[in-house]
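# A structural walkthrough
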Amino acid sequence: MKDLTQSDIDRQNVLNNSLVLDNLRTYLGVPGMFFQEEYRYTKQQISEFYQIDIATTERYLDNNEKEIKHNGYVVLKGKTLKEFKNQFGHILNLSSKTAHLGVFNFRSFLNLGMLLVESEIAKALRSKILDIVIDSLNEKAGGSTKYINQRDEDFLNTIIKEPHYRKEFANALNLYLDLGNIKYAIYTSKVYQCIFKEDAVEYRKILKLENTENLRDTMYAEVLKLIASFENGLSHEMKKKSEELGRKITQTEMDLLLDNFANHPLFKPLVEDARIKMASRDYGFRKVFHESLKNYISTVSKSDFDRFLGEKSKSLEDRIDENIDVFKRLKNR
């Protein structure tokens, strides 16, 4: 069970997930003051909800100011405060001399609840948040997040092209590397190791894949594209080296070529991006922890939550059904 009070990544993953926020908003039903397209809450209202004194609320604000402001806490002043007073001043009994007023939106209201350790209400809320996170994921992903990657609209197009690049790499290994059939498994695994620091066996174990399950069916579109690019470029380098030597290259020469290719400056930003996406999404969606990528774990962005769980996300089967006519035309060419 995650401790939301201790992990800023876990807190932000909740607050970036619009599906979870909608379900929490419905569950809590906390009334607020609708202002500038959001419900707002004063420190007094927040303190009353969590059954703490205002001094405690202010202490958490001071200690976590950057995070809570990032999630929507604002200080109203000037013209904005005047507009707020005109709408809600009579309800809040605000003094005409009030020059600034701090207000929470729903996200920062939840944010404070995930930090508070003095409040039993906040403790109960954290437990409910974790339940809703799990229920929301299961509801959208059909009970399993193993193939959450396939809900991305880019996945279908990427996985259709993937066999072509895979075939090119296999052909290059066949034509230019002097090694038995084991070479296909060895260098596929080594490519994975170069890109996300895990070989095929490690990756399969971490995601708890059966022997019959294809590793690439679980990979995000960006990772598949990078593997295809990497293998395609490596195929070119193998051909060039073999033609220079006038023979097939040895395993030792192949390992050196692979090492030099993996360390090319061109790939560094692409590999870094792929590692961040893979580590962060697997941690946020699949609740999977990649030890070798632990330093790459970051929060899952709002756009990623929308991408995999939002309105545009769909199961692979649904996307295939929608494009069945296109596939038929391609088949008949």
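Residues numbered from 1 in each chain as written. Predicted model: local features only at pLDDT ≥ 70, side-chain atom pairs only at ≥ 80, totals over all residues. Heavy atoms only, no water.

## Some remarks on the side chain of T57
Operational definition: By the criteria applied, helices consist of DSSP H or I runs no shorter than four residues and strands consist of E runs no shorter than two, each listed in order from the N terminus. Categorising residues by exposure relies on relative accessible area from a 1.4 Å probe, with only protein chains included: less than 20% of the type maximum marks a residue as buried, more than 50% marks it as exposed, and the intermediate range marks it as partly exposed. What makes two residues a contact is simply this: any of their non-hydrogen atoms within 4.5 Å.
Relative to the helices and strands, T57 is located in helix α4 (residues 54–63). Relative accessible area serves as the criterion here: at 0%, T57 is assigned to the buried category. In contact with T57, other than residues within four places in its own chain, are K43, I46, S47, I52, F104 and L112.

## So, the pattern of salt bridges
Just so we agree on the cut-off: Every case where a carboxyl oxygen of Asp or Glu lies within 4 Å of a side-chain nitrogen of Lys or Arg is listed as a salt bridge.
Across all of its chains, the model carries 22 salt bridges by this definition. Ionic pairing is found between D255 and K190, a salt bridge with its closest N-O pair at 3.0 Å. Here D255 is found in helix α13 (residues 251–262), whereas its partner K190 is found in helix α10 (residues 182–196), with 65 residues between them in sequence. Among the salt bridges present, the one from E237 reaches K240, with a minimum N-O distance of 3.8 Å. Residue E237 and its partner K240 are both found in helix α12 (residues 221–245); the two are separated by three residues, about one turn of the helix. The class for K240 is partly exposed, based on a relative accessible area of 40%.

## With respect to the nonpolar core
Operational definition: Only buried residues count toward a nonpolar core. Its members are Ala, Val, Leu, Ile, Met, Phe, Trp, Tyr and Cys residues joined through side-chain atoms within 4.5 Å.
Counting residues in hydrophobic clusters, the biggest one holds 79 residues, and the most contacted among them are Y50, F104, F109, F196, M219, L234 and M238. In terms of residue count, the dominant contributor to this core is helix α8 (residues 120–141) (eight residues). Residues within four places of F196 in sequence aside, it is in contact with Y203, M219, V223, I227, R275, M278, S292 and L293. M33, L76, L81 and L101 belong to the second largest nonpolar core, which has eight residues in total.

## Some remarks on α8
Heads up, the rule is: By this rule, a helix spans an expected 1.5 Å times one less than how many residues it contains. This arc corresponds to the set of directions leading from the helix axis out to the C-beta atoms.
The terminal C-alpha atoms of α8, which comprises 22 residues, lie 32 Å apart, in line with the 32 Å expected from a rise of 1.5 Å per residue. A122, L125, R126, I129, L130, I132, V133, S136, L137 and A141 are the residues of α8 that are buried. Each buried residue of α8 sits inside an arc of 165° when the element is viewed along its axis, so together they form one side. Along α8, the residues that are exposed and aim more than 90 degrees away from the buried face are E120, K123 and E139. Among the residues trailing α8, G142 stands out with phi positive, at a value near 70°.

## Focus on the layout of surface pockets
Heads up, the rule is: Grid points spaced at 1 Å and placed over the protein atoms alone form the basis of the search, with a cavity being a set where a 1.4 Å probe fits but cannot get out and a pocket an open set showing protein on both sides within 12 Å along at least five of seven lines. Lining residues have an atom within 4 Å of a point. Grid points are joined across faces, edges and corners, and a volume is the space filled by probe spheres set on the points. When residues are grouped by polarity, Ala, Val, Leu, Ile, Met, Phe, Trp, Tyr, Cys and Pro land in nonpolar, Asp, Glu, Lys and Arg in charged, and all others, Gly among them, in polar.
Here the largest pocket defines a volume of roughly 290 Å³. Lining the largest pocket we find 18 residues, and of these K2, L130, V133, I134 and K287 sit closest to its centre. Counting only elements with at least two residues in the lining of the largest pocket, the list comes to α1 (8–15), α8 and α14 (268–286). The element best represented in the lining of the largest pocket is α8, accounting for five residues. Here the lining of the largest pocket is built from residues that sort into nine nonpolar, five polar and four charged.

## Describing the pairing of strand β2 (residues 38–42)
Heads up, the rule is: The criterion for strand pairing is that DSSP finds at least two bridges linking the strands in question.
Where strand β1 (residues 33–35) lies against β2, three bridges are found, and the strand directions are antiparallel. Within the sheet, the bridge partner assigned to F34 lies in β2 and is Y39. Connecting β1 to the next strand, β2, in antiparallel fashion are two residues, including Q36 with a positive phi near 50°. Both β2 and strand β4 (residues 100–104) contribute to a ladder of two bridges, which runs antiparallel. When the bridges of β4 are listed, Y41 appears paired with F104.

## As for the packing of aromatic side chains
Threshold: Pairing of aromatic rings covers Phe, Tyr and Trp, the last counted by its six-membered ring, and requires centre-to-centre distances within 6.5 Å; plane angles under 30 degrees mean stacked, over 60 mean edge-to-face, and any other angle means tilted. The rule for a charge over a ring is simple: NZ of Lys or CZ of Arg within 6 Å of the ring centre, and within 35 degrees of the ring normal.
Under the defined criterion, the tally for this structure stands at 17 aromatic pairs. Arranged with centres 5.3 Å apart and planes meeting at 75°, the rings of F285 and F305 form a pair that is edge-to-face. Taken together, the residues F285 in helix α14 and F305 in helix α15 (residues 302–309) connect sequence positions 20 residues apart. An identical accessibility class is assigned to F285 and F305; each is buried. Each member of the aromatic cluster is reached from another via a ring pair, and the members are Y41, F49, Y50, F106 and F109. When the ring centre of Y220 is taken as origin, the NZ or CZ atom of R281, which lies over that ring, is 5.2 Å away.

Remember that the coordinates give geometry; whether it matters functionally is a separate question.
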